[in-house]
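So the chains spell out like this:
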Amino acid sequence: MKVAVIGAGLMGSGIAQTFAQAGYEVKNIDTFKDALAKADENVKKLFEKKVAKGKLTEAQKDEILGRLTYSPRMEDIKGAAVIIEAVPEKIELKKSVFAEIDKLADPEAVIVSNTSGLSISEIAAATNRPNKVMGAHFFYPAPVMKLLELIRGIATDDETYNTMKKMAQKIGKTTVDAPEFPGFIVNRILVPMQNEAAFMVMEGCEPKDVDNAMKLGCNFPMGPLELTDFVGVDIMLGTMKGLYKGFSDSKYRPCPLLENMVKAGYLGKKAGQGFYRYDKDGSIIG
Ligand code: 3HC
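A. Highlighting the overall build of the protein. Broken down by element type, the protein carries 11 helices and 8 strands. The C-alpha radius of gyration of the protein comes to 19 Å, within 12% of the 19 Å expected for a compact globule of 286 residues. Its C-alpha atoms give the protein principal-axis dimensions of about 55 × 50 × 30 Å. Counting over 286 residues, the protein shows a buried share of 44%. Considering only contacts in the protein between residues 6 or more positions apart, those separated by 24 or more positions represent 64%. When the accessible surface of the protein is summed, it comes to about 14,000 Å², and 55% of that surface belongs to carbon and sulfur atoms. Put simply, the protein has 38 plus and 37 minus side-chain charges, and the middle of one group is 2 Å from the middle of the other.

B. Expanded view of the site of the ligand. Taken together, 19 residues lie near the ligand, and Lys50, Lys53, Lys55, His137 and Tyr140 sit nearest. Contact distances for the ligand include 2.8 Å between an oxygen atom and a side-chain N or O atom of histidine 137. Asparagine 187 places a polar side-chain atom, nitrogen or oxygen, 3.0 Å from an oxygen atom of the ligand. If you list the elements that add at least two residues to the shell around the ligand, you get α2 (33–52), α7 (186–202) and α9 (224–231). If one sorts the elements of the shell around the ligand by residue count, α9 sits on top with 3 residues. In the shell around the ligand, the residues fall into 13 nonpolar, 3 polar and 3 charged.

C. Spatial organisation of the nonpolar core. Counting 30 residues, the largest nonpolar core has Ile15, Phe19, Val26, Ile84, Val112, Phe138 and Met164 as the members making the most contacts within it. The contacts of isoleucine 84, once residues within four sequence positions are left out, are Ala4, Val5, Ile6, Ile15, Phe19, Val112, Asn114, Phe138 and Met164.

D. Local environment of the pairing of strand β8 (residues 174–177). Inspection of the sheet shows strand β7 (residues 147–152) paired to β8 by 4 bridges, in the parallel sense. Within the sheet, the bridge partner assigned to glutamate 149 lies in β8 and is valine 176. Viewed along the sheet, the connection from β7 through helix α6 (residues 158–170) into β8 turns out right-handed.

E. Quick peek at the packing of α7 against α9. Where α7 meets α9, the axes come as close as 9 Å, and the angle between the chain directions of the two elements is 110°. The angle between α7 and α9 falls in the class roughly perpendicular. Handedness of the crossing formed by α7 with α9: left-handed. Taking contact as the criterion, the partners of Leu190, Met193, Gln194, Ala197, Ala198 and Val201 in α7 are, on α9, Pro224, Leu225, Leu227 and Thr228. Residues belonging to the contact of α7 with α9 are distributed by class as follows: 8 nonpolar, 2 polar and no charged.

F. Broad picture of the sheet that holds strand β5 (residues 110–113). In space, the 8 strands of this open sheet follow the order β3-β2-β1-β4-β5-β6-β7-β8, with mixed pairing throughout. What marks the edges here is a single partner per strand, and that holds for β3 (68–71) and β8. Each strand axis lies, on average, 25° off the axis of its neighbour in the sheet, ignoring direction. One ladder, built from 3 bridges, connects β5 with strand β6 (residues 133–138); its direction is parallel. Bridging from a neighbouring strand, valine 112 pairs with methionine 134 of β6. Strands β1 (2–6), β2 (25–29), β3, β4 (82–85) and β6 of the sheet are contacted by helix α1 (residues 10–21), whose axis makes an angle of about 170° with β2.

Calculation notes
- Residues numbered from 1 in each chain as written.
- Predicted model: local features only at pLDDT ≥ 70, side-chain atom pairs only at ≥ 80, totals over all residues.
- Heavy atoms only, no water.
- Helix = DSSP H or I, 4+ residues; strand = E, 2+ residues; numbered from the N terminus.
- Rg over C-alpha atoms; globule rule 2.2 N^0.38 Å.
- Buried < 20%, exposed > 50% of the residue type's maximum accessible area, 1.4 Å probe, protein only.
- Contact = heavy atoms within 4.5 Å.
- Areas by Shrake-Rupley, 256 points an atom, 1.4 Å probe, with all protein chains shown as cover.
- Lys, Arg positive; Asp, Glu negative; His and termini not counted.
- Charge placed at Lys NZ, Arg CZ, Asp CG, Glu CD.
- Near = heavy atom within 4 Å.
- Polar contact = N/O pair within 3.5 Å; in protein donor to acceptor, adjacent residues only side chain to side chain.
- Nonpolar A, V, L, I, M, F, W, Y, C, P; charged D, E, K, R; others polar.
- Core = buried A, V, L, I, M, F, W, Y, C linked by side-chain atoms within 4.5 Å.
- Pairing = 2+ DSSP bridges.
- Right-handed = clockwise from strand over helix to strand, strands pointing away.
- Axes fitted to C-alpha atoms, helices over the stretch in contact; angles between N-to-C directions.
- Parallel < 35°, antiparallel > 145°, perpendicular 65-115°, else oblique.
- Left-handed = near helix turned anticlockwise from the far one by under 90°.

What follows is the structure in structure tokens.
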């Protein structure tokens, strides 16, 4: 079965890798050729590390990489039974991508958005087949995180939902049904906590103190600020803004420090600077 993943950023490339590891033929599509080259390089590096650690043989690595190919052409979604969109969280962009998918995808294709909180019904309405559209929210890093939130739009039919649910099991994910409201389940709880941690830094707390408190006091694998850097300060702020706008509730007011950080290009680990500074290998240096 062929799967197409649209978007080769951190999420899209990780989702493509996840499906390739599970045995699917995957086409990772992005109109930005630089994004494709970077995704290819990152995935290869990751697999080389796994071979070096003895977690994968050279032959297994080549087999998985052989199933994962890249393309800058949207036409390459043709023949895909499942199409997963993972482009940036901008509703107009997602709608235009879905309108294009609608023109090119096979009639029976299941079309999935990896949105972290936008309306599936609104995205689906950009197509002439809203019954074939649903949400599946992956977590970063997609190949590692076990959860997949499944979200039905108003028109999503049972066949579409069941196909995606079965596929989720095949790629080793545990699913939960999430309501079609901003942030679904995880981000509605997690992101306000990250936002609150940013407010504490704005009030003068050291990021290390906030993170150590949550790691040692709550057994979190990463502190909320380290996690914000890991996912991307811009991504986290975008989700917070989605909650604020979607619920029209001041309790989701984004922290102004996050706005300043994004304006300054302090986007987290990928930029070498966020709440912490990073070396070129991604280790914290300050
Ligand atoms: N991409 C792919 N795989 C990765 C990865 C990445 N960016 N980072 C780590 N991994 C893999 C490694 O290859 C390794 O696999 P292996 O065991 O087969 O060799 C495995 O993860 C463990 O990595 P490490 O040993 O290097 O590091 P840790 O044991 O410290 O684990 C972690 C790293 C899994 C990232 C862990 O710190 C963790 O669980 N952090 C919290 C992550 C989290 O909360 N994610 C949710 C973010 S919110 C979100 O995604 C919402 C969205 O809308 C933005």
